[in-house]
Amino acid sequence: MFSVNQPLPTAIVGATAPKRLRFGEMDFSRLGIRWRLPQEGRLYGGKVRFARFVGRFMEWTKRGQKLEVESVRGCGEEIWNASSADVNFPEHLVIMVNGIVGSAEDWRYAAEQFVKKLPDKVIVHRSECNSLRLTFDGVDLMGERLAEEVQSVVMRRPGVQKISFVAHSLGGLVARYAIGRLYEPISCGESSLETGNCLSEEKQVKGKIAGLEPMSFITVATPHLGSRGNKQLPFLCGLPFLERRASQTAHLIVGRTGKHLFLTDNDDGKPPLLLQMVDDHNDLKFMSALRSFKRRVAYANANYDHMVGWRTSSIRRQHELPKHHLLVKDEKYPHIVYIEKENPDNIVGVSRARDQTVDLEEKMITGLRKVPWERVDVSFQKSTQRYIAHSTIQVKSYWLNSDGADVVLHMIDNFLV
């Protein structure tokens, strides 16, 4: 048992300390900490909420790390290494996007790991504009909100020069929509001033995202091809009857998002939104935006993901999935079982299937693979956490999903800074 005798530095004037202080799910009284307040029984300083001080106290006590956290109402939370920022503030902004019925809290572990391992390189922003029931509003409305949030972050951080996205599940589709809105083309004349050359037609038009240099676009268990049929929603077990019913009723459960995921939307007679997003449409440059990133990576659960199928999350056709006997483990990353770096010149033949659902998938695969993707296949087959693989792959909660830590480490070790 020890005491903190000095006045607390940041809290609302007039607030008094509760008997048991809590930060997240941690009960401070269990740690044997007893707070002694000044005689007046008041906490001094500023306008920062007492809860934030408690959070900062925990950050300060981490082994040699001084993580700075700033929350902006309605605009998420940013985290960076305060020690490095004193010398040179990180210039690489990493936007983390949650999935359906998720929140910014889902990326807490990964955000902290990014900052710890790349302390002088990145500032991580955990998006908050699409959380809980707001994730039912549809990919387009969520994408618009995310684009606005990113623009507000960039305005508040004029020193950042680069941008990357790391998105989980539905968040990957939302991020793809948002970058289509944020894309700004750069003509050959402008880019040649920076690089000194403008050689091929492909290089004649580059681009920026929200005025920043695009680096990595990373999706984690994202249903790029939607969730319609063909075991794309695994918990339905591939039963045609259940898949048809899910397609017909999804909008009753998850709103417009359900229509987008099951490709049943036809706003103003237009094709399904996910199909539109594999090409450029007027002022929404979906594919130009994806092409502008130096690296595109799709992390996918090869098994035990009951929400997102292997094919849709890895943007593959059925016959392109690696065979189980070919899966090789990496000692450093025990749950990374297969890595495929796609050759942009390697174009796989088009499927001849005539089923309408497969045809829609084929169009999306063909469109998305106009740009090269890296695929990282993950398996928690021997893990006790395998039945919650959809959350474990991002370490949604360290206490429940700790086995996914090596996946986060793999992201960081291969991250372009």
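See the structure shown above.
Everything numeric in this text was worked out from a predicted model, so none of it was measured.

1. What about the overall build of the protein?
Scanning the protein for helices and strands turns up 14 helices and 17 strands. Of all 417 residues assigned to the protein, the portion counted as buried reaches 52%. Pairs at least 24 apart in sequence give 75% of the contacts found in the protein among residues at least 6 apart. Split by element, the accessible area of the protein, about 20,600 Å² in all, is 52% carbon and sulfur.

2. Here we look at the packing of helix H4 (residues 139–156) against helix H5 (residues 170–182)
Taken N-terminus to C-terminus, the directions of H4 and H5 make an angle of 60°; their axes are 8 Å apart at the nearest point. As summarised for this structure, H4 and H5 are arranged oblique, according to the angle between their axes. Between H4 and H5 lies a crossing of right-handed hand. Contact residues: H4 offers Val 139, Asp 140, Met 142, Gly 143, Glu 144, Leu 146, Ala 147, Val 150 and Gln 151, while H5 offers Leu 170, Leu 173, Val 174, Ala 175, Tyr 177, Ala 178, Arg 181 and Leu 182. Classifying every residue of the contact of H4 with H5 gives 12 nonpolar, two polar and three charged.

3. Focus on unusual backbone geometry
Peptide bonds are mostly trans, and most non-glycine residues show a negative phi. The residue Ser 169 is not glycine, and still its phi comes out positive at about 55°. You can see Ser 169 is positioned in the loop between strand E9 (162–168) and H5. What makes Ser 169 buried here is its relative accessible area of 6%. Residue Val 395 is not a glycine yet carries a positive backbone phi of 55°. Within the secondary structure layout, Val 395 lies in the loop between helix H12 (389–392) and helix H13 (398–401).

4. Details of helix H3 (residues 108–117)
Among the 10 residues of H3, seven are classified as buried, and the element is accordingly described as predominantly covered. Among all positions of H3, only Tyr 109, Ala 110, Ala 111, Glu 112, Gln 113, Phe 114 and Val 115 are buried.

5. Looking at the packing of aromatic side chains
By the definition in use, this model includes nine aromatic pairs. Within the aromatic cluster, the residues linked to one another by ring pairs are Tyr 109, Tyr 398 and Trp 399. When the ring centre of Trp 80 is taken as reference, the NZ or CZ atom of Arg 157 above it lies at 4.7 Å. Stacked on the ring of Tyr 304, the Lys or Arg Arg 386 has its end atom at 5.7 Å from the ring centre.

6. A few points about a nonpolar patch on the surface
A surface patch of nonpolar side chains, amounting to about 500 Å² of accessible area, comprises Ile 388, Tyr 398, Trp 399 and Leu 400. In this structure, Trp 399 sits in helix H13. Overall, Trp 399 belongs to the exposed group, its relative accessible area being 72%.

7. Section: the side chain of Gln 276
Topologically, Gln 276 is positioned in helix H8 (residues 273–276). Gln 276 gets classed as buried once you look at its relative accessible area, which sits at 15%. When neighbours within four sequence positions are excluded, Gln 276 is seen to be in contact with Lys 270, Pro 271, His 281 and Phe 286.

8. Looking at the pattern of salt bridges
Applying the stated criterion across every chain, the model contains 24 salt bridges. Here Glu 78 makes a salt bridge to Arg 156, at a shortest N to O gap of 2.6 Å. Here Arg 156 lies in helix H4 and Glu 78 lies in strand E6 (residues 77–81), a separation of 78 residues in the sequence. Arg 108 is the salt-bridge partner of Glu 105, the closest N and O atoms lying 2.7 Å from each other. Classification of Arg 108 by relative accessible area gives partly exposed; the value is 21%.

9. Thoughts on the packing of H3 against helix H14 (residues 405–413)
Taken N-terminus to C-terminus, the directions of H3 and H14 make an angle of 45°; their axes are 10 Å apart at the nearest point. By the angle between their directions, the pair H3 and H14 is classed as oblique. Taken as a pair, H3 and H14 cross one another with a handedness that is right-handed. Residues Tyr 109, Ala 110, Gln 113, Phe 114 and Lys 117 of H3 lie in contact with H14, whose contacting residues are Ala 405, Val 408, Leu 409, Met 411 and Ile 412.

Here is what the cut-offs are and how they apply
Residues numbered from 1 in each chain as written. Predicted model: local features only at pLDDT ≥ 70, side-chain atom pairs only at ≥ 80, totals over all residues. Heavy atoms only, no water. Helix = DSSP H or I, 4+ residues; strand = E, 2+ residues; numbered from the N terminus. Buried < 20%, exposed > 50% of the residue type's maximum accessible area, 1.4 Å probe, protein only. Contact = heavy atoms within 4.5 Å. Areas by Shrake-Rupley, 256 points an atom, 1.4 Å probe, with all protein chains shown as cover. Axes fitted to C-alpha atoms, helices over the stretch in contact; angles between N-to-C directions. Parallel < 35°, antiparallel > 145°, perpendicular 65-115°, else oblique. Left-handed = near helix turned anticlockwise from the far one by under 90°. Nonpolar A, V, L, I, M, F, W, Y, C, P; charged D, E, K, R; others polar. Phe/Tyr/Trp six-rings, centres within 6.5 Å; stacked < 30°, edge-to-face > 60°. Lys NZ or Arg CZ within 6 Å of the ring centre and 35° of its normal. Patch = residues over 30% accessible without salt bridge, like charges linked within 9 Å, V, L, I, M, F, W, Y side chains within 5 Å. Salt bridge = Lys/Arg side-chain N within 4 Å of Asp/Glu carboxyl O.

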